[in-house]
Amino acid sequence: MTNSMNNALEKLKSLIGEFELIEIDEREVKINLKPESVLQALSLLKGEGYFHLSLLSAVDWIDEKMFELVYILYSWNDGGKIIVSTKIDRDKAEFVTVKHMWPVARFYERELHEFFGISFKGNDDMRPLFLENWDDKPPLRKDFDPLEYSKRKFPDREYKKDVIHEAKIIRGDING
């Protein structure tokens, strides 16, 4: 770990107490926090130079009935990366927005709402980014069945193939 990363993590420990720390390499660590500690931790880390929110994403742990929210913070000062992770209840998929700290988070939060069904209190712009007129379960949830959805939305069609006509096109006997 870099010195600045060590300093930031020590300050974080004194602010919120113990947390799980996973050292990925000398410039990247992951910390697992309780949901109630996340905003304080993100604010402190931003103040310690980790002011670039590289990504906000989610993982669906369907067997645990949890979503893992993953915030990736980057320090332009020393190239350090801190991954802040927390788990929330999958059945009540709701968390607090961080768009007041990082305006770009509003787009990440909209994406997570659209693809996982996670709501963010304080972010009143949950319009779809990609899936216009989507009327089904969010597609990145592990209990979403793409085959069932496809069959329901795009019923099977019967095609009659004219093999002889296609062969004539390939041979050049006729043009299309």
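Residues numbered from 1 in each chain as written. Predicted model: local features only at pLDDT ≥ 70, side-chain atom pairs only at ≥ 80, totals over all residues. Heavy atoms only, no water.

Caption draft 1: How the structure looks around the sheet that holds strand β1 (residues 20-25). A sheet is described by the order of its strands in space; here 5 strands give the open sequence β1-β2-β5-β4-β3, paired in mixed fashion. Each of the sheet's edge strands pairs with one partner strand only, and the pair in question is β1 and β3 (52-61). Each strand axis lies, on average, 20° off the axis of its neighbour in the sheet, ignoring direction. In the sheet, strand β4 (residues 66-74) pairs with strand β5 (residues 81-89) via 9 bridges, with the strands oriented antiparallel. Bridge pairing links L69 to T86 in β5. Relative to strand β2 (residues 28-33), helix α1 (residues 3-16) is tilted by about 10°, and along the sheet it contacts β1, β2 and β5. (Pairing = 2+ DSSP bridges. Helix = DSSP H or I, 4+ residues; strand = E, 2+ residues; numbered from the N terminus. Axes fitted to C-alpha atoms, helices over the stretch in contact; angles between N-to-C directions. Contact = heavy atoms within 4.5 Å.)

Caption draft 2: Region of the structure containing the pattern of salt bridges. Evaluated as defined, the whole model comprises 15 salt bridges. With a closest N to O distance of 3.9 Å, E28 and K81 form a salt bridge. Highlighted residues: E28 in strand β2 and K81 in strand β5, separated in sequence by 53 residues. With relative accessibility at 17%, the residue E28 sits in the buried group. Classification of K81 as partly exposed rests on a relative accessible area of 28%. With its nearest N and O atoms 2.7 Å apart, the salt bridge here joins R90 to D60. Of the two residues, R90 is situated in the loop between β5 and β6 (94-96) and D60 in strand β3; the sequence distance between them amounts to 30 residues. A relative accessible area of 3% means that D60 is categorised as buried. (Salt bridge = Lys/Arg side-chain N within 4 Å of Asp/Glu carboxyl O. Buried < 20%, exposed > 50% of the residue type's maximum accessible area, 1.4 Å probe, protein only.)

Caption draft 3: Structural detail: the pairing of β1. Alignment of β1 against β2, held across 5 bridges, turns out to be antiparallel. Residue E20 lies in a different strand from β2, and its bridge partner there is N32. Hairpin connection of β1 to β2: 2 residues between the antiparallel strands.

Caption draft 4: Highlighting helix α3 (residues 105-116). Between its first and last C-alpha, α3 extends 16 Å over 12 residues, near the 16 Å set by a 1.5 Å rise per residue. Where α3 is concerned, the buried positions are A105, Y108, E109, R110, L112, E114, F115 and F116. Buried residues in α3 make contact with β3, β4, β6 and β7 (119-121). Looking one or two residues beyond α3, the residue adopting positive phi is G117, at roughly 85°. (Expected span 1.5 Å × (residues − 1).)

Caption draft 5: Focus on unusual backbone geometry. One non-glycine residue with positive phi stands out, namely K65, at about 60°. With phi around 55°, N133 is a residue other than glycine that occupies positive phi space. Counting through the fold element by element, N133 comes out in the loop between β7 and α4 (146-153).

Caption draft 6: Geometry of the pairing of β5. Relative to β5, β2 runs parallel, the two being bridged by 6 bridges. The partner of N32 across the bridge, within β5, is S85. Count of turn residues in the β4/β5 antiparallel hairpin: 6 residues, of which G79 carries a positive phi of about 75°.

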